[in-house]
Structure formats: C-alpha cells, structure tokens
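Coordinates in review
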Amino acid sequence: MSCKTLKLLEYDVVRNRVAALSHSAEARERLLLEEPLYETDAVKNLKNDVFQIVTKINAAGNEPHGTLPEIEAFLPKLNVEGTGLSIEEAYATGKFVLEGAAVIRWLGTDSMLTQGIPDCTKIPEIIFAVLDKDGNMRKLPRLRAIKQRITSLSAEIQNRAAAYTTASDTRNMLQSNNASVRDGRVVLALKANFKGRLRGIVHDVSSGGQTIFIEPEDIVEKNNELLIQQRNLEAEILAVLREMTIEIKPYYQALCEFFENVMRLEMLRAKAHYSVKNVFAKDGNALILKQARHPHFGASAVPIDLIMNDLRAVIITGPNTGGKTASLKTAGLFALMNQAGLALPAAEGTILPVFDGVFADIGDEQSLAASLSTFSAHISNISGIINDSTEKSLVLLDELGSGTDPVEGCAIAMAVMDHLIETKCRLLVTTHHGALKNYGWTHPLVENASVEFDTTLLAPLYRIVMGIPGESRAIEISRRYGLLPDIIEKAKTYIESGSADVSALIAGLKEKHLALDQATREFNERERDFKEALRKSDLKELRLRQKEAEIKSGSVGTLRALLSESRKTLENLVRELKENGVSREETLKVKEFLRNLEDSVQNETAKLELFEEDLREKTGEGEKMPGTFLPSQPIPPAQQQEFKAGGVVLAGDKKARGILRRRAKNDAWVVEVGFVSMTYPEKDLIIAVDDSKLQKNISVTVDYTSNIKPVAELNVRGMRLQEALETLQKQIDAAVISGLTGFSVVHGKGDGILSQGIHGFLKNQGAVSDYYFSRPELGGAGRTEVILTI
C-alpha cells in the first residue's frame, strides 16, 4: 500500500481522529504511523479485540480516563549499570504503571485481551515509597538533618540581610528594603553612589548602572555553607534515586512487556471509542455497502448503497459534482478502515472482504516539472496499479479514459478493465464515456450504476442507483453554474440525435428501475403483513385449543364429581338392597356398572392429559396451564382395581395403552405396548375401557414391502404436489411399521399449494389421529406436525 493511496483516500484524516481519542501521547504517535492490515486472520482478530472493548464501553460506566505519562524514552536507563532515574522519570514510571493497571482491571483480568500481561504493581510501591502522590520527595529520615540545616541557614541569612534594611546607617544606601538572589546567593541592591561604603562581593549591576547587587562580607560565609548543604542534599537525593532504580531494575523486562501491552490496549481503546456509534462490517467475499456515509462529511453525508456480490467491476456514471468520486473514495476508505479494525458509519448488512491492497487513481496529477499531462499522469498511475494488483485487490479508477481523444481513451479504458477483470480484482470505475456504459451492459461480470439527479432542481442527489447508467447532465449543470443561455442553446444544437436517443433510453430505464423498486417495497410490505396475520392466526388457534382443554377439564371434573356422588348413592342403595334380600348376582351387576363408569372417567382423564401435553408443546410451556385439570390431582375413592391377563390398561406416566400379558414379581405386570413388552409396577397401571366402547375401529393400509426408514422431519420443499404426497404416504407407512408416534413435514409457505394438498391428504389417512401447523418459532405455517394413531 503506497502512502499516496492513503493520502488520496484521506485515510490520514481518520487516523488523526482516532489518535486524538487516546489517553497516551506515545499511543497517539503509534496510531498516526499505523497502516491497515492485509492478512484475513489478523484483520478478524483485530476487529474482534476492538469489538470487545466497544462492548465494555457500552456496558460499564467506570472506564478509567487518566493520562498515561511518556516513559519509552528513558526506559533503557533501567538496564544500564550505575544510572538512576530522575524524580520526574521515576514519578512518570510509577504513574504509568498505576494507570495502565487500572485499564487492565477495567477490561477484566480474565479477558483474552489482558492475558499474559505481567504484574508490575511492585514498581509503583517502590517508587512511591520515595515520592509522594504529587511527585515530590518524601520526608525521608536520611534527608531530614540536611533539610533542617538548610532551613536554619536560609533563615539566618535572611535575618542578616534584614538587619541592613532596618539599620539607620545602611537603610538609605539601599534601593530596596528586600534582599535579592543572584546565582543562588542572597545579595543587597546598593545604590551606586554608596559603592565604597559597604564591603562585600559585587555579583551584578543594573542595566542603568544605578544599582549594584552586593553580597556583604558577613553573609558570604553563610551563603557558602548554604550552597554546600544544598549540594549535599542533591547528592543524597541522587543516592536515594539510584538505590530506588536498583530495586526496580529486576523488573525491567516485565516493565518493557507491560509497556508494550498497555500501548496495544490504549490503541485498541482509541479505535473502540471511534467505533462506538458505528457498525462493524461482516467478513465475506462480497462487497456490500449499506447506507454508507463518508466519515469526513459528518451529519451532512448522503448515505450510499453499493452491491457487488459476484460482480468484479462496477462502472459509475452520472453528472459532474454528483458524487461519483465521493462514492469511489467512500468504498476505498471503508476498506482501509475495516482493515484497521474500525467500525464504519453504515447500516447493518455491510460486508467487506479483506483486500491485500487498495489502489486508487483519483484526481488530476498533471505536473509541468515532471512533463506529465493529465492523461499521461493517469496512465502512469494505472501502469503501477496493473503491476501491483492481484485477485484480492481493490482498484479504484476515477474518470478512466479521460484526458485524451474520446475514441482512443475509451479503447484504452476497456482494455485496462479487461485486464483487471481477468486478474479477478474488485474494480470500481467512474466515467462519462458512453462506450463504457455499453461495455457495462454487455459484460457479464460488470454492472452499470449511476448517481441520481433531480431534474426539477437541476441538482445531483448523491445517491447510487445500481443497474442503470447515468447521464452526464452537462447542459443542466452548465445552466445551473451560470453559462450564458445563448451558449446553452447552441450546445443543444450540436448534440446528435443518436445521443439524444441514448439519453431517452437511459431515462426510460431509470423510470422502470424506480417503478420496480417501488413494487419491490410494496411486495415486501405485503409479505410482512401476511406473516403478521399468519402469526396472529397461529396464536388464535393455540388459544382455541387451550380453551378446548379448559372445557374438557371442566367436563371431566363434573364427571368425576358425579362419579363420587353416584358411588356413595349406589353403595347406599346396595346396602339397602342387601338388607331387603336382593341377590348377590344383582349386587355384582351394580358394582360392575360403577366400575365401568370409573374406567370411563379414568380413560377420559388420560386422554385429557395427553391433549394438554400436546398443547404445552405447541405453546412452549412446561407447566400446567391455569384452570386445567391434571390427572395428578387427588382422585375420589374408587373400588379396588382388578387386574387380569388380557385386560386393557393405561401404563406409566404417559398412560400408554397396552394389554396385560402376565403377572411379574414384586407386584408388577408385563404389559404389551405396541410391539414392545415392558414391566410396570401395578401402582402405575390403570384399567382402561375396551377400545370398542370408546372409538371406532381404524383400518390402515401399509406397504410392508418398502425398505424406506421413517424420519423425524420430512422435507418436501421443491417437490410437485403429487410427488410430495407419494413421499408422505411412504413416510406414514414406514412410521407405522417402526412404531413412530409422530413426525413433522416441512413444506414451506409459498402459495399454499403444498400445505393445502398435504392437509387434505392427511385428513383422509386412518393412521393419522391429528395434524396441525407447528409453533411460529418452529416454522409456523411452513411446517406441519403429524400425530399417528397409537
């Protein structure tokens, strides 16, 4: 990637904005020098890292915002024998580690972003044992005596100087009542005419010669001692700093690694703050921009859409100042930003490949010094692009073929495009040449596009319309910018009729394209309305089935209450009949009637339970629906059940219908359920009413010669109705043979032909006990659940 391309696409402006969001001057410098990545995995990892920090910024409100001091320049001093950090350097190092550790804690020590970063918290402990939080030396015991002597000497010197300003014999000799300092020594401002009256050392003379700055003899010795003590203090401070540096030295490698990691995190954090309100492009082979807004234009940017799925090239035509070049720059800049790990000012659905290079020839690079005309400058750039581009490159060519004879320019432009398309790179071209528009129509890997123009306002709209070439609108643009009307009319007379015919054709195509867009929008709206109506219909059906369950449960409850009352009444009657001498045979008949009634209630209860379970599956609920009856509720006392071989029972939690075959050990029975014999405890069995009393006989015709195995989900999408029904018949046969209790059929929605035909077919199948559309989240009207007769 050349620096020229980055500059042409104004990537440096984005880079400057990102760098300004960093809390570290050193991270800003690195961001200003950073270029986009060109390896797919590296770009993917970078975007993932930035996305993690964006998520953290949006979720947490405790982000640290402390400034990270600059330390890179003096870090090597820690690895040099005999050197020591200055107070400022030591303070910056400690502050950097504390602020960097705060960023790491904010991101989370368990985050992949912070894994492997060494712990350097010992370094600020060492530093701030010597310095305070403001970066000043602490009052260390080893410095206390020297500081006290310095304080005492300073006070004594000030007192001696004050004596001169208050004494009557010397007060009038002085220009000022306050002592001054020259070269670190206290002096008096003596009037020049009293030069010989006060003995001492002259340090300075005022510019006018009227004042002499003199150090009196009795202050000289004190100033000398003060200077010695100050030098002693400085030497002791250097010794303290040197010892502190020696303590830090073992952490040198860890500190260097910590520094690099904090720089990495700080650069990622700056990119994340830039990306907070934008959208990350998805990775893919297509180049799709949705509502893409050039980042330099801010709120005034007009969003553009650009779609290149299998296309290798798009030719953008249209009026001058219409946004053709801006569209080219937007696409190129978005590619660079994406590969720098930045989110884009665009809508969801934006997709960008990872390019191994972005090459651009944009603008006029005419140069008199280099003897380059407009055309030769373009050709020189294009030659370099052809040599460097590959099938993974993005190439942007502005005004291809311009600057020379239109016929020859078009020929060269088409030849260049042929070569680049053969290279399989992605190519975006802008032009005004009509021949290139025709090239876009005829080439299968190229598509025309245009920028819209408002013919009423005579102004461009800056929006891209895919599939339609644009007109240059030179006449309208010239009129808008003040060209004389006579010249405009004269220009019209020179336009050949053929050109006018082409313009009319393009205008007609554009109108049809807009009409098609409007029809597509209306179709999408109707499709949304249909889906919503279908969803409401599914919900209504589920509510009706729930209501049906409530009604059934009420009926069973009433029947149970009646059974309980009837039992009491009948038992009273039996007792009275016995007392009156009724035979045992008649009493047994009454009890048999009562037992049959109880069996009926239990059978209905089991059916209701199965129905409610089916309904819960449809509604996605795992608990009992309000107001319904579950068989687990207490059952009124009933006569002891009598089990015998050959009897029909409801077995287990699922109340599966089966036949008692023989008694097993430990109060259990062997029950034949379907084709399988299983052992159930007697307490899990309920005597059922004979099928002949509850339901009609079912006759099922099955093809036992078929080797087709049943599936849990049968997909018939794309089949004709007859083929789908034949496939469904084989599925039912195989399911019955295998003991499958149900399956689903995926037929899609479409025009409803498949779903209606399948439902009509299932309605007449004896082996099918029920069928209905799936829940909305499982496919709704595009999928049917089939329940087989057990």
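Residues numbered from 1 in each chain as written. Predicted model: local features only at pLDDT ≥ 70, side-chain atom pairs only at ≥ 80, totals over all residues. Heavy atoms only, no water.

**Remarks on the sheet that holds strand β4 (residues 211-216)**
Within the open sheet, the four strands sit side by side as β1-β2-β4-β3. Their pairing is antiparallel. Either end of the sheet is taken by a strand with one partner, and the two such strands are β1 (180-182) and β3 (200-205). Looking at each pair of strands side by side, their axes are set apart by 45° on average, direction ignored. Where β3 and β4 come together, five bridges link them in antiparallel fashion. In the strand pairing of β4, Ile201 is matched with Glu215. Together, β2 (185-191) and β4 form the strand contacts of helix α7 (residues 141-166), whose direction differs from that of β2 by roughly 5°. Across the sheet, helix α9 (residues 217-248) is in contact with β2, β3 and β4; its angle to β4 comes to roughly 70°. (Pairing = 2+ DSSP bridges. Helix = DSSP H or I, 4+ residues; strand = E, 2+ residues; numbered from the N terminus. Axes fitted to C-alpha atoms, helices over the stretch in contact; angles between N-to-C directions. Contact = heavy atoms within 4.5 Å.)

**Brief notes about the sheet that holds strand β20 (residues 713-715)**
If you trace the four strands from one edge of the open sheet to the other, you get β20-β21-β23-β22, paired in mixed fashion. Whereas interior strands pair on both sides, the edge strands pair on one side only; in this sheet they are β20 and β22 (768-773). Averaged over all adjacent pairs, the angle separating strand axes in this sheet is 20°, with direction ignored. Strand direction decides the pairing type here: β20 and strand β21 (residues 742-746), joined by three bridges, are parallel. Paired with Asn715 across the two strands is Val746, which belongs to β21. In this fold helix α20 (residues 721-738) packs onto β20, β21, β22 and β23 (783-788), with an angle of close to 165° to the strand it touches most, β21.

**Regarding the pairing of β23**
Put simply, side chains in a regular strand alternate between the two faces of the sheet. Taken across its six residues, β23 has five buried, putting it largely inside the fold. Here β21 runs beside β23; their pairing, made up of five bridges, is antiparallel. Across the sheet, Val746 pairs through a bridge with Arg783, a residue of β23. (Buried < 20%, exposed > 50% of the residue type's maximum accessible area, 1.4 Å probe, protein only.)

**Side note on the pattern of salt bridges**
Taken as a whole and assessed by the stated rule, the structure comprises 24 salt bridges. Ionic pairing is found between Glu156 and Lys222, a salt bridge with its closest N-O pair at 3.0 Å. In this pair, Glu156 sits in helix α7 while Lys222 sits in helix α9, placing the two residues 66 residues apart along the sequence. The class for Glu156 is partly exposed, based on a relative accessible area of 25%. Here Arg199 ties to Glu217 by a salt bridge, and the two come within 3.4 Å at their closest N and O atoms. Here Arg199, found in the loop between β2 and β3, pairs with Glu217, found in helix α9; they are 18 residues apart in sequence, far enough to count as distant. Residue class for Arg199 comes out exposed when judged on its relative accessible area of 62%. On the accessibility criterion, Glu217 (47% relative accessible area) is partly exposed. Sharing partners across several salt bridges, the network here consists of Arg30, Glu72 and Glu260. (Salt bridge = Lys/Arg side-chain N within 4 Å of Asp/Glu carboxyl O.)

**Describing the environment of Leu542**
Within the secondary structure layout, Leu542 lies in helix α17 (residues 497-579). Distance from Leu542 to Arg775, taken between C-alpha atoms, is 8.8 Å for residues 233 residues apart in sequence.

**Things to note about helix α14 (residues 434-442)**
Within the sequence span of α14, burial applies to Leu436, Lys437, Tyr439 and Gly440. End-on, the buried residues of α14 take up no more than an arc of 155°, which puts them together on one face. (Arc of directions from axis to C-beta.)

**Topic: α20**
Over its 18 residues, α20 extends 26 Å from the first C-alpha to the last, a length consistent with the 26 Å expected when each residue adds 1.5 Å. Listed in full, the buried residues belonging to α20 are Ala724, Leu725, Leu728, Gln731, Ile732, Asp733, Ala734 and Ala735. On its buried face, α20 is in contact with β20, β21, α21 (753-763), β22 and β23. Among the residues trailing α20, Gly739 stands out with phi positive, at a value near 80°. (Expected span 1.5 Å × (residues − 1).)

**Quick notes on the environment of Thr55**
With respect to the helices and strands, the residue Thr55 is situated in helix α4 (residues 40-59). Taking relative accessible area as the criterion, Thr55 reaches 38% and is therefore assigned partly exposed. Along the sequence, Thr55 and Ala272 sit 217 residues apart, while their C-alpha atoms lie 8.8 Å from each other.

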